[in-house]
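So the chains spell out like this:
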Amino acid sequence: MTDDHTHVQEFFTARAADWDSRFPDDGPAYAAAVADLGLREGDRVLDAGCGTGRALPPLRAAVGPSGVVLGADLTPAMLQTAVRAGRHRAGRLLLADVAALPLRSGCLDAVFAAGLIAHLPHPVENLRELARGVRRGGVLGLFHPIGRAALAARQGRRITPDDLRAEANLRPLLARSGWRMTSYVDEDARFLALAVRED
């Protein structure tokens, strides 16, 4: 396991048990972001870096009983919390690295990723791997329940020009990774960038 993976696992393992209680009001923001993906009945969707699985119930509601919902995360403790919360009933949980998905190419219609991009050690390659799993024309949603400025204030830091989530940085990053950005929202109440699989 790389040092990057070890750091991510240590960070989230220490926070898994009380993660949901720290952010109890995020449910509506997750549901609204999932609605913006434009999923249809029967679609196949991955929650990449699913954590405690907060997106799984709205993803299941969007794709219906005939759809496929997968949640992949690198940290066993986060997946265990998802199971304790009963969210495993909305989708299949995978202990997996999103940088090496155990999925065949083009098998997904969409990827949802909440808070993931800040934890990717190699963003171009990692986003390209997500693109590999999605069919041409499929959708990527990069989400956070609060915007960049609000998140920085919560964490006691300032936004820096090299922030990957800044539109000027994210648009070319996605383009280099096989995605075309179609929508970008960065407000105090939410961050959501949508992109379409290009090649």
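No experiment lies behind these values; they were computed from the predicted model shown.

## A closer look at helix α3 (residues 27-36)
Structurally, the α-helix is built with 3.6 residues per turn, so residues lying three or four positions apart point the same way. Of all the positions in α3, only Ala29, Tyr30, Ala33 and Val34 are classed as buried. The arc enclosing the buried residues of α3, seen along the axis, measures out at 135°, which places them on a common side. Exposed residues on α3 whose side chains face more than 90 degrees from its buried face are Pro28 and Ala35. Those residues of α3 that are buried lie in contact with α4 (56-63), β4 (108-114), β5 (134-144) and β7 (190-197). Where α3 ends, the next residue or the one after it, Gly38, has phi of about 75°, a positive value.

## With respect to empty space enclosed by the protein
Applying the stated criterion to the full structure yields one cavity of 30 Å³ or more. Around the largest cavity, the lining residues are Ala113, Gly115, Leu116, Ile117, Leu142, Phe143, His144, Arg165 and Phe191. Per element, the largest residue contribution to the lining of the largest cavity is three residues, and it comes from β5. The residue makeup of the lining of the largest cavity, split by class, is six nonpolar, two polar and one charged.

## Considerations on the nonpolar core
One broad rule of soluble globular proteins: the nonpolar side chains tend to lie buried together. With 31 residues, the main nonpolar core has Leu46, Leu127, Leu130, Leu140, Leu170, Leu174 and Trp179 as its most contacted residues. Of all the secondary-structure elements, those providing two or more residues to this core are β1 (44-48), β2 (68-73), β4, α6 (123-132), β5, α8 (167-176), β6 (179-187) and β7. If you tally residues by element for this core, the top one is α6, at four residues. Residues contacting Leu170, with those up to four places away along its chain left out, are Ile117, Leu142, Leu164, Arg165, Met181, Tyr184, Phe191 and Ala193.

## Some thoughts on the sheet that holds β1
Reading across from one edge, β3-β2-β1-β4-β5-β7-β6 is the order of the seven strands in this open sheet, with mixed pairing throughout. Lying at the two open borders of the sheet, with one neighbouring strand each, are β3 (92-95) and β6. Pairwise comparison of adjacent strand axes, ignoring direction, gives a mean angle of 15° for this sheet. Contacting β4, β5 and β7, α3 crosses the sheet at an angle of about 25° to β7. Lying on the sheet, helix α5 (residues 76-84) is in contact with β2 and β3; it crosses β3 at an angle near 165°.

Cut-offs applied
- Starting afresh in each chain, residues are numbered from 1 along the sequence in its written order.
- The predicted origin of the model limits local features to residues at a pLDDT of at least 70 and limits the giving and counting of side-chain atom pairs to 80 or more, whereas totals for whole chains, interfaces and linings rest on all residues.
- Values shown for side chains rest on all heavy atoms present in the structure; no hydrogens or waters enter the calculation.
- Exposure classes here rest on a 1.4 Å probe applied to the protein chains alone. A residue is buried below 20% of its type maximum, exposed above 50%, and partly exposed in between.
- Helix and strand assignments come from DSSP, with helices taken as H or I runs of at least 4 residues and strands as E runs of at least 2, each series counted from the N terminus.
- Think of it as the arc spanned by the lines of direction from the helix axis to the C-beta atoms.
- Every residue pair with non-hydrogen atoms within 4.5 Å of one another is taken to be in contact.
- Detection works on a 1 Å grid of protein atoms alone, calling trapped sets that fit a 1.4 Å probe cavities and calling open sets with protein on both sides within 12 Å along at least five of seven lines pockets, with lining residues defined by an atom within 4 Å of a point.
- Grid points are joined across faces, edges and corners, and a volume is the space filled by probe spheres set on the points.
- Amino acids outside the nonpolar list (Ala, Val, Leu, Ile, Met, Phe, Trp, Tyr, Cys, Pro) and the charged list (Asp, Glu, Lys, Arg) are all regarded as polar, and Gly is one of them.
- Here, nonpolar core refers to any group of buried Ala, Val, Leu, Ile, Met, Phe, Trp, Tyr and Cys residues whose side-chain atoms link them within 4.5 Å.
- Any two strands with at least two DSSP bridges between them are considered paired.
- Helix axes are fitted only over the stretch in contact, all axes being lines through C-alpha atoms; the angle between N-to-C directions runs from 0 to 180 degrees.

Distances and angles like these do not, on their own, reveal function.
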